[in-house]
Amino acid sequence: MTGALALAAMAAGVAACRGERVSDPPGGGALPPTLAELAASEPAPRATPPGAEPADRLSLSLSIGVRGRVEPCGCPGAPAGGFARRATALRAAGGLHPGLLAVEGPNLLGTLGEVGTYGRGPLEGRAREVLGLLDRMGYDAFAPGVEDLELLGAAGIARAAKGTRLAVVATNLLHARTGRPPFPTHAVLAAGDRKLALLSVVAGAASSRRAGETTVLDPAEALRAEISRLPEVDAVLVAADVPGESIRSLARTVRGVDFWWVEGGAPGEPPRQRVGEAQVLRLEGGGTALARLDLLFTGEKGARFDPDTDRAVAVETLVGHEEQWARLEGAGGSSPAPRRGSGRGGAAPQATAEGARAALERQIGVLRGRLGAGTAPRHAFGFRIGPLDPSLPEAPAVRAELDALRSVLLAGISPPAPPPGAAAYAGVDACLTCHAPAFARWSASGHATAFQRILEREQGDDPACLGCHTTGWAEPGGFVMPEQGRHLLGVQCEACHGPATGHPSRPVAFREPGADTCRRCHDAANSPGYDAARYLEAIRHW
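Residues numbered from 1 in each chain as written. Predicted model: local features only at pLDDT ≥ 70, side-chain atom pairs only at ≥ 80, totals over all residues. Heavy atoms only, no water.

Participant: Help me get a handle on unusual backbone geometry, residues and values and all.
Facilitator: A cis geometry characterises the amide bond from His503 onward to Pro504, with omega recorded as 10 degrees. Note on placement: Pro504 falls in the loop between helix 17 (493-497) and helix 18 (515-519). For Arg67, which is not a glycine, the phi torsion comes out positive at approximately 55 degrees. With respect to the helices and strands, Arg67 occurs in the loop between strand 1 (57-63) and helix 3 (83-96). A relative accessible area of 24% places Arg67 in the partly exposed class. (Helix = DSSP H or I, 4+ residues; strand = E, 2+ residues; numbered from the N terminus. Buried < 20%, exposed > 50% of the residue type's maximum accessible area, 1.4 Å probe, protein only.)

Laid out in structure tokens, this is it:
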């Protein structure tokens, strides 16, 4: 019975991290609450399993490459991510790990391509709201990236962060006029008695394109100088917005860094990888997941972190078990409510939960012994990535703020009229008379119902969705909002071929669509199963 309970508890812990459900444990007892259920309950649990002293660890929540995508992202199925879900996940994680630190990595605020749609004023307003949301969610620091600097410049970022408690960190930037750093060159983040130094660098090729207001120093030289000035800390983390080869070169040549935090990587590269004496930690951008870095201080003072994969897996398993133990303890010793099949076998939920807790305690003891707390020559770490999927409820207060932000952005969109003599968007009805067979094929396609699909997901006013679900979004003479552009709902002929007013009575320079036309919307995030030949056949009208 004990072995079965241990396996059930381990499975429940893994499933909770993935947002999955598992079968009921043997004996028919109720399952322990999932992360999503505890996140939505009050109060958040704060429990420490036996043998886990708060002073022996430091945990961070990390994200990177959001690019203004504060809403759920990805069209197929149920979109993942979004700040409202992130707030729920952080609240639950903070309940299970008091003192959890949260750091936002480079390229958060938007993209340079958005300037033509919104203008810099609304984008700075969005940046102010996004940084304010991070502050209210309990974030500790933000490391700007190349795209953040190109979008708003150092001065714009500083204005957007004004009034927040966020530490904005940039190690290799100088103000071109004064020669002084525009932001602190490092931040020391503390949890209990443990301290972590956060540094941040951008690529040298990123010297600001905003009127040369910022000088970018060589990342390696800036890091060496800054590390030599750091106070005594337990770990050093560098958020780096640099190309793949550059990060490997930096990790090999700059000593004193424990962890490098970067976006993406080459196909097949693992999320954690040893380079030199350090670990390179990777997460894909887009804001659809959060990463967790757990540092377990098992070695003597001043020890480095063990690169051994087996020890990293042991830390990740240990933390998962501790979280599951805390969920059981936080639920008062039993599940808050019976679930499907909870009455089978007649086992009492209280007894089942106590047995699961006891099994987890034994597993925790074994893992902590294997990791050698306080006696190992090196510290240990674990790195996990958790998706922000729809199993996590949205935090209502954050959802309300995001709804208000949508309205502000939409109100700021006012595309100019087409230049004199240029074609505007006519709408699909204008094509029907001469192109009836093509119109019929289009009417039966997913392109025709594209706007309806985002309405069904309550994203009909999400600016990030409208560009791929309407025709001529925010372009001269194109779709603005349903009140002004009902004739341009969905992905119509002109979305691929260009504006057509005046045709056929006068010549119009139609676009010849190609693979790049399709890939504007059918990208990896929004159309992961895209196959050009199959998709083109589905809309064939030529």
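Participant: An account of the pairing of strand 12 (residues 278-283) is requested, with residue identities and associated values reported.
Facilitator: Within strand 12, six of the six residues are buried, which leaves the element mostly enclosed by the surrounding structure. Covered by surrounding structure in strand 12 are Ala278, Val280 and Arg282 together with Gln279, Leu281 and Leu283, the residues of both alternating faces. With four bridges joining them, strand 11 (residues 272-275) and strand 12 adopt antiparallel strand pairing. Within the sheet, the bridge partner assigned to Arg274 lies in strand 12 and is Gln279. With antiparallel pairing between neighbouring strands as the criterion, strand 11 and strand 12 make up a hairpin whose turn holds two residues, including Gly276 at a positive phi of roughly 65 degrees. (Pairing = 2+ DSSP bridges.)

Participant: Please provide a residue-by-residue account of the sheet that holds strand 7 (residues 194-202), values included.
Facilitator: In space, the six strands of this open sheet follow the order 6-7-9-10-12-11, with mixed pairing throughout. The outermost strands of the open sheet, each flanked by one partner alone, are strand 6 (187-191) and strand 11. Shown here is a sheet whose adjacent strand axes are inclined to one another by a mean of 25 degrees, direction ignored. Sheet topology places strand 10 (residues 259-263) next to strand 12; five bridges connect them, and they run parallel. (Axes fitted to C-alpha atoms, helices over the stretch in contact; angles between N-to-C directions.)

Participant: An account of the sheet that holds strand 3 (residues 141-142) is needed here, citing residue identities and associated values.
Facilitator: Across the sheet, which stays open at both edges, the six strands sit in the order 4-3-2-1-13-14 with mixed pairing between neighbours. At either end of the open sheet lies a strand with only one pairing partner, and these are strand 4 (167-168) and strand 14 (380-387). Sheet topology places strand 1 next to strand 13 (residues 289-296); six bridges connect them, and they run antiparallel. Along strand 13, the bridge assignment pairs Leu58 with Leu295.

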